[in-house]
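Structural characterization, general
Here are the chains, one letter per residue:
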Amino acid sequence: MLDLTPDEWTAVALSLKVAAVATLASLGPGLLVAWLLAKRTFPGRAVLDGLVHLPLILPPVVTGYLLLLTLGRRGLVGAWLAEAGIVFAFRWTGAALACAVMGFPLMVRAMRLSIEAVDARLEQAAATLGARPIAVFLTVTLPLSLPGILAGAVLAFAKAMGEFGATITFVSNIPGETQTLPSAIYTLTQVPGGEAGALRLTLVSVALSMTALLLSEVLARRIGRKLGAG
């Protein structure tokens, strides 16, 4: 029952690669946006907040179609990128991009809440002692926000592992190139006798997601205990 075929192993490996790349690529921009929304007031802040959370409201297929219109080979930006040899549509890198866009709101929200929970008096004390804003962030805000940053990364990873609508719209369902776990499960449900394979991949998907969540919980607790001891 749990003996995966070579094609199923390929889908699992591709899903892990896509989810990992999407999460790592989102960390820097996600942390920056979360900090801006948590600590700064500026014109257009509400617009930025709305744009960040837009993928949560739009149907995933709409998000994927917008990515296709923008970054497809004939898209507004994609045509220019294609001339430079950078192509996202119908490539695994495009799947990673779609997953990153869909998981970005979850990552930013968790990071923002964690940053907002940091005691402002600690940051003010560091600034009073002469620390520059970047030093305050690196030595006070960032360490105290680590559990929330980790939680945001795990949420984005889990979302990437289960993303289907935006991915299949933007990069299609190409075996070995863009066919991730959800796409493979969908394909297997459409062919006679594919139920066993779909079930196998479903169990693998659940196991991977639960492992990521449990691991993040353990790491968050350890980090929290170290910060509390410090």
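Everything discussed here concerns the structure shown above.
Residues numbered from 1 in each chain as written. Predicted model: local features only at pLDDT ≥ 70, side-chain atom pairs only at ≥ 80, totals over all residues. Heavy atoms only, no water.

1. So, the packing of aromatic side chains
Note the threshold: Centres within 6.5 Å are what make two rings of Phe, Tyr or Trp a pair, Trp counting through its six-membered ring; a difference in plane orientation under 30 degrees is then read as stacked, over 60 as edge-to-face, and the rest as tilted. Runs of H or I in DSSP of at least four residues are treated as helices and runs of E of at least two as strands, each being numbered from the N terminus. Burial here depends on accessible area, computed with a 1.4 Å probe over protein chains only, as a share of the maximum for the residue type. Under 20% is buried, over 50% is exposed, and the range in between is partly exposed.
Applying the stated criterion across every chain, the model contains two aromatic pairs. Aromatic pair Trp35 and Phe137: ring centres 6.4 Å apart, planes at 75 degrees, arrangement edge-to-face. Of this pair, Trp35 sits in helix α1 (residues 6–39) while Phe137 sits in helix α7 (residues 133–162), and the two are 102 residues apart along the sequence. Residue Trp35 is classed as partly exposed on the basis of its relative accessible area, which comes to 22%.

2. Let's talk about the packing of α1 against helix α9 (residues 181–189)
Put simply, the rule reads: Axis lines are fitted to C-alpha atoms, over the contacting stretch for helices. Their N-to-C directions set the angle, which ranges from 0 to 180 degrees. Here the word oblique covers every angle except those under 35 degrees (roughly parallel), over 145 (roughly antiparallel) and from 65 to 115 (roughly perpendicular). Throughout, a contact is declared for two residues whenever any of their heavy atoms are within 4.5 Å. Any residue that is not Ala, Val, Leu, Ile, Met, Phe, Trp, Tyr, Cys, Pro, Asp, Glu, Lys or Arg is counted as polar, Gly included; the first ten are nonpolar and the last four charged.
Where α1 contacts α9, the two axes come as close as 8 Å, and the packing angle between them is 150 degrees. As far as their axial angle goes, α9 and α1 are roughly antiparallel. Of the residues in α9, those touching α1 at Glu8, Ala11, Val12 and Ser15 are Leu181, Pro182, Ala184 and Leu188. Of the residues that constitute the contact of α1 with α9, the class distribution is six nonpolar, one polar and one charged.

3. Some thoughts on the nonpolar core
Keep this limit in mind: The nonpolar core is taken to be a set of buried Ala, Val, Leu, Ile, Met, Phe, Trp, Tyr and Cys residues, with the residues joined through side-chain atoms within 4.5 Å.
Val18, Phe170 and Leu201 are the most contacted members of the largest nonpolar core, which has 31 residues in total. Those elements that place two or more of their residues in this core are α1, α3 (60–71), α5 (92–116), α7, α8 (165–171), α9 and α10 (195–229). Those residues in contact with Phe170 that lie beyond four places of it in its chain are Gly64, Leu67, Leu68, Leu71, Gly72, Phe88, Ala89, Phe90, Gly94, Leu97 and Ala98. If you look at the next biggest cluster of nonpolar residues, it comprises 13 residues, including Ala34, Val108, Ile115 and Phe137.

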